[in-house]
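An overview of the molecular structure
Spelled out from the first residue to the last, the chains are:
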2 protein chains.
Amino acid sequence: MTAGERKDKGTKKRTWKVGELAKATGTSVRTLHWYDEIGLLSPSDHSRAGYRLYGEGDVARLQQILSLRQLGLSLDEIRDLLARPDVSPLSIVRMHITRLQEQMELTRKLLGRLEALASWMAASERVSADELLKTIEVMNMFDKYYTKEQLAELEARRQAFGEEAMQAVQEEWPALIAKVRAEMEKGTPPEDPAVQALAGRWAELIEMFTGGNPGIRQSLENLYKNEPGFAAQQGYDPALYDYVNRAQAARKGGSSA
Amino acid sequence: MTAGERKDKGTKKRTWKVGELAKATGTSVRTLHWYDEIGLLSPSDHSRAGYRLYGEGDVARLQQILSLRQLGLSLDEIRDLLARPDVSPLSIVRMHITRLQEQMELTRKLLGRLEALASWMAASERVSADELLKTIEVMNMFDKYYTKEQLAELEARRQAFGEEAMQAVQEEWPALIAKVRAEMEKGTPPEDPAVQALAGRWAELIEMFTGGNPGIRQSLENLYKNEPGFAAQQGYDPALYDYVNRAQAARKGGSSA
DNA sequence: CTTGACCCTCACGTCGCGTGAGGGCCTAGA
DNA sequence: TCTAGGCCCTCACGCGACGTGAGGGTCAAG
């Protein structure tokens, strides 16, 4: 059927033809053609007949492009941004998240106004111009996007504050996991002060890692819980998970009593 | 200062010049010019010098236009829709509300995916193409709007079901309010069976009126509470509000015990 | 060997404005 | 009374991000 799906399973990477990628993502073929033409997303390979063949890397780039587009950037700006080495895929996703959260707030506000408007209209048919004006103003706030400068500054600040901390965290994880595993395999009980200290540090690292954002924290937990391959790669398994959990429970119970 | 604000206060209606309206609503002057040029929103008056002067009716129409635009309709479609007599301002606001609620759902979904993505990226740098594809798909669902046919059908169904009921409700309100007021002024206690019956009908009418939507219900209450002019117009006042509330409390307490 | 579903490359069309250019109107202050 | 600056007007061209064919190759199924 779809060429890239069956051919050379395992040896060669999966590829998509334009139509396939378009269908899978909900974009149009024309859009992909266009992105190719302006040099924004050119497929990393072509068949002998000249068909575009998109690889996994291309898919990743497409995601970044579409995220940035939802941030309101022009395709030119997006191309420039993606060329900069200091803009990581992760930072893009985070900007996108921030933007969506703001939009939710805005939507809530607008919904409030519209519901009030609906009440007025249902009851009296005549609505004050002021009420209307304010409502319109909120509506129009939806297409006020960030400029690329604002985004750059926003991301720069985040980096200045958090990125090096993040880096440090990333490097500390394997060591911490190893230490905990050692205690576990020695049979040290979770209530032991040594384990308690490790569990404390564990909580701190998670806090730093997620930036205190409960949404990120939740999905990080899900990630470890539901993707065994991922967890294993980090030297992590259910037994360890359980051990740390018990240590943390003990820590809370002990300190509060 | 702004001409329309001070001149003939009370005698003539308030008007806005393009720049004023643009500033007040967050739209651009060019956009208003454009809407005029294509016959979508032409100011109801002009100054001797040829300045566009927008009145309250124009503001109301602008709100409808912008609501419909957020529904994804083209300006042509909007013009056609606004020309139809069966499309009321209220129906437009309700369609807008529905759309925004759907968007909130979508946004929540996408946020979930992006947070998962962020976790993956922060931890492993390598993300599965499938995950990315699904995320992209959700992103692209944001610009899939309704067609005007879908909207028409949606609104038609609502009308078939609810509009005549709505009409009936609208006509029943004054009578019901009058009856309750009569009882109140006679000094009938809220627990009296006659008042209880009226309170029951009262609750039913509100239910039908708001379509069971708690958001609308809430803002309707706020409307009556915070806008004395509005309430008075409906033959309604705080004393009556209190009386009905007590009757309803008695009704619930009595039936559940 | 055909058929039909893809794919390719031009190339022109569209929508909703942005952005001047060139020129009146109008009121505040010198 | 004059003038400066901030509005307003009408053209009119430009543009971003594709949509929509036209004309023609490709390729697996029957």
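The structure contained in this document is the topic of the report that follows. (Residues numbered from 1 in each chain as written. Chains lettered and ligands numbered in written order. Predicted model: local features only at pLDDT ≥ 70, side-chain atom pairs only at ≥ 80, totals over all residues. Heavy atoms only, no water.)

1. Comments concerning the interface of chain B and chain A
Interfaces are often sized by the accessible area lost when the parts come together. Condition: In what follows, a contact means two residues having at least one pair of non-hydrogen atoms within 4.5 Å. Here's the idea: put two parts together, see how much 1.4 Å probe accessible area each one loses, and the total over both is what we call buried area. Here, a salt bridge means any side-chain nitrogen of Lys or Arg that lies within 4 Å of a carboxyl oxygen of Asp or Glu. Two N or O atoms count as a polar contact when they lie within 3.5 Å, although within protein this holds only if one can serve as hydrogen donor and the other as acceptor, and sequence-adjacent residues are included solely when both atoms are side-chain atoms. Every helix listed is a DSSP run of H or I at least four residues long, and every strand listed is a run of E at least two residues long, numbered separately from the N terminus.
Each side of the interface is counted separately: chain B has 60 residues, and chain A has 60 residues. A combined buried area of about 5500 Å² lies between chain B and chain A, and 71% of that area is made up of carbon and sulfur atoms. Joining chain B to chain A, the criterion identifies two salt bridges. Here B:Arg69 ties to A:Asp143 by a salt bridge, and the two come within 3.7 Å at their closest N and O atoms. At the surface where chain B touches chain A, the tally comes to six residue pairs in polar contact (both at pLDDT 80 or more). Only α2 (18-25), α4 (56-70), α6 (89-124), α7 (129-140), α8 (148-186), α10 (214-226) and α11 (228-233) of chain B provide two or more residues apiece to the side of chain B that touches chain A. Looking at the side of chain B that touches chain A element by element, the count peaks at 23 residues for α6(B).

2. Regarding the protein's contact with DNA strand D
So the rule is basically this: In these notes, residues near a molecule or strand are those with any non-hydrogen atom within 4 Å of it.
The immediate surroundings of DNA strand D are formed by 18 residues, with A:Ser28, A:Tyr35, B:Gly19, B:His33 and B:Arg52 found nearest. When atoms of DNA strand D within 4 Å of the protein are split into backbone and base, the sugar-phosphate part holds 73%. Contact distances for DNA strand D include 2.8 Å between a phosphate oxygen and a side-chain N or O atom of A:Tyr35. At 3.2 Å from a phosphate oxygen of DNA strand D is found a main-chain nitrogen or oxygen belonging to A:Leu75. Sorting the residues of the surface near DNA strand D by element identifies α3 (29-37) of chain A together with α2 and α3 (29-37) of chain B as the ones contributing at least two each. In terms of residue count, α3(A) provides more of the surface near DNA strand D than any other element does, four residues in total.

3. Remarks on the relation of the copies chain B and chain A
Using the following cut-off: Residues reaching a pLDDT of at least 70 in both copies supply the C-alpha atoms on which the copies are superposed by least squares.
Between the two copies, chain B and chain A, the superposition gives an RMSD of 0.1 Å; the rotation angle is 180° and the shift along the axis is 0.0 Å. Taken together, the turn and the small shift mark the pair as related by a two-fold rotation axis. Of every C-alpha in chain B, the one belonging to B:Met104 sits nearest the axis of rotation, 3.2 Å from it. Looking at chain B, 100% of its interface residues are interface residues in chain A too, so the copies touch through the same face.

4. Here's the deal with helix α4 (residues 56-70) of chain A
Residue and element names in this part refer to chain A. Worth spelling out the cut-off: To estimate how far a helix should extend, the number of its residues minus one is multiplied by 1.5 Å. Whether a residue is buried, partly exposed or exposed follows from its accessible area with a 1.4 Å probe, protein chains only, as a fraction of its type maximum: under 20%, in between, or over 50%, in that order.
Helix length check: α4, at 15 residues, gives a terminal C-alpha distance of 21 Å against a target of 21 Å (1.5 Å per residue), a fit within 8%. Buried within α4 are the following residues: Asp58, Val59, Leu62, Gln63, Gln64, Ile65, Leu66, Ser67, Leu68 and Gln70. One or two steps after α4, the chain reaches Gly72, where phi turns positive at roughly 95°.

5. Regarding the sheet that holds strand β3 (residues 52-54) of chain A
All names here are of chain A. Put simply, the test is: Two strands pair if DSSP finds at least two bridges between them.
Taken in spatial order, the three strands line up as β1-β3-β2 in an open sheet, and their pairing is antiparallel. Single-partner strands in this sheet number two, and they are β1 (16-17) and β2 (45-46). In this sheet, β3 lies alongside β1 in antiparallel orientation, the contact comprising two bridges. Along β3, the bridge assignment pairs Lys17 with Leu53.

6. Considering the environment of A:Arg30
All names here are of chain A. Inspection of the secondary structure assignment puts Arg30 in helix α3. In this structure Arg30 comes out as exposed when scored by relative accessible area, which is 52%. Considered as a pair, Arg30 and Val18 are twelve residues apart in the sequence and their alpha carbons are 9.1 Å apart.

7. Some remarks on the sheet that holds strand β3 (residues 52-54) of chain B
Residues and elements named next belong to chain B. In space, the three strands of this open sheet follow the order β1-β3-β2, with antiparallel pairing throughout. Edge positions in the open sheet fall to β1 (16-17) and β2 (45-46), since each of these has one partner strand only. Alignment of β2 against β3, held across two bridges, turns out to be antiparallel. Paired with Asp45 across the two strands is Leu53, which belongs to β3.

8. Section: the protein's contact with DNA strand C
Near DNA strand C lie 18 residues; those nearest to it are A:Gly19, A:His33, A:Arg52, B:Ser28 and B:Thr31. Expressed as a percentage, the sugar and phosphate content of the atoms of DNA strand C within 4 Å of the protein is 74%. In this structure, B:Arg30 approaches DNA strand C through a side-chain N or O atom, which is 3.0 Å from a base oxygen. Interatomic distance of 3.5 Å between a side-chain N/O atom of B:Arg69 and a phosphate oxygen of DNA strand C. Among the secondary structure elements, those contributing two or more residues to the surface near DNA strand C are α2 (18-25) and α3 of chain A together with α3 of chain B. Among the elements that take part in the surface near DNA strand C, α3(B) stands out by supplying four residues, more than any other.

9. Structural notes on the side chain of B:Gln248
Within the fold, B:Gln248 resides in helix α12 (residues 238-256). Other than its neighbours up to four places away in sequence, B:Gln248 contacts B:Ala199, B:Trp202 and B:Ala203.

10. Comments concerning the packing of α2(A) against α3(A)
Residue and element names in this part refer to chain A. As a reminder of what qualifies: Note on method: axes are straight lines fitted to C-alpha atoms, helices fitted across the in-contact stretch only, with angles between N-to-C directions ranging 0 to 180 degrees. Each crossing gets its handedness from the near helix: less than a right angle anticlockwise from the far helix is left-handed, clockwise is right-handed. Each residue is assigned to one class: nonpolar for Ala, Val, Leu, Ile, Met, Phe, Trp, Tyr, Cys and Pro, charged for Asp, Glu, Lys and Arg, and polar for all the others, Gly among them.
Interaxial distance between α2 and α3 falls to 8 Å at its minimum, and their mutual angle equals 115°. Regarding α2 and α3, the two cross each other, and that crossing is right-handed. Contact residues: α2 offers Val18, Gly19, Leu21 and Ala22, while α3 offers Val29, Leu32 and His33. For the contact of α2 with α3, the class distribution of residues is five nonpolar, two polar and no charged.

11. Let's talk about the pattern of salt bridges
The tally for this structure, following the rule as stated, stands at 15 salt bridges over all chains. With a shortest N-O distance of 3.9 Å, A:Lys186 and A:Glu183 are connected by a salt bridge. With A:Lys186 and A:Glu183 both in helix α8 (residues 148-186), this residue pair falls three residues apart, about one helical turn. The exposed category is assigned to A:Lys186, whose relative accessible area is 65%. Its salt-bridge partner being B:Arg79, residue B:Asp76 comes within 3.1 Å of it at the nearest N-O pair.

12. Re the nonpolar core
For clarity, the cut-off: Here, nonpolar core means buried Ala, Val, Leu, Ile, Met, Phe, Trp, Tyr and Cys residues that are tied together by side-chain atoms lying within 4.5 Å of each other.
Within the largest apolar cluster, 93 residues are counted, with the highest numbers of intra-cluster contacts made by A:Leu68 and B:Leu68. In terms of nonpolar packing, the next biggest core, distinct from the first, is built from 15 residues, B:Ile177, B:Leu205, B:Tyr236 and B:Leu240 among them.

13. Things to note about the packing of α2(A) against α7(B)
This is how it is decided: When describing relative orientation, an angle under 35 degrees is termed roughly parallel and one over 145 degrees roughly antiparallel, while 65 to 115 degrees is termed roughly perpendicular and anything else oblique.
It is the contact of α2(A) with α7(B), at a shortest axis distance of 7 Å, that shows an interaxial angle of 65°. One element, α2(A), and the other, α7(B), form an angle in the roughly perpendicular class. Contact residues: α2(A) offers A:Leu21, A:Ala24 and A:Thr25, while α7(B) offers B:Leu133, B:Ile136, B:Glu137 and B:Asn140. Across the contact of α2(A) with α7(B), the residue classes tally to four nonpolar, two polar and one charged.

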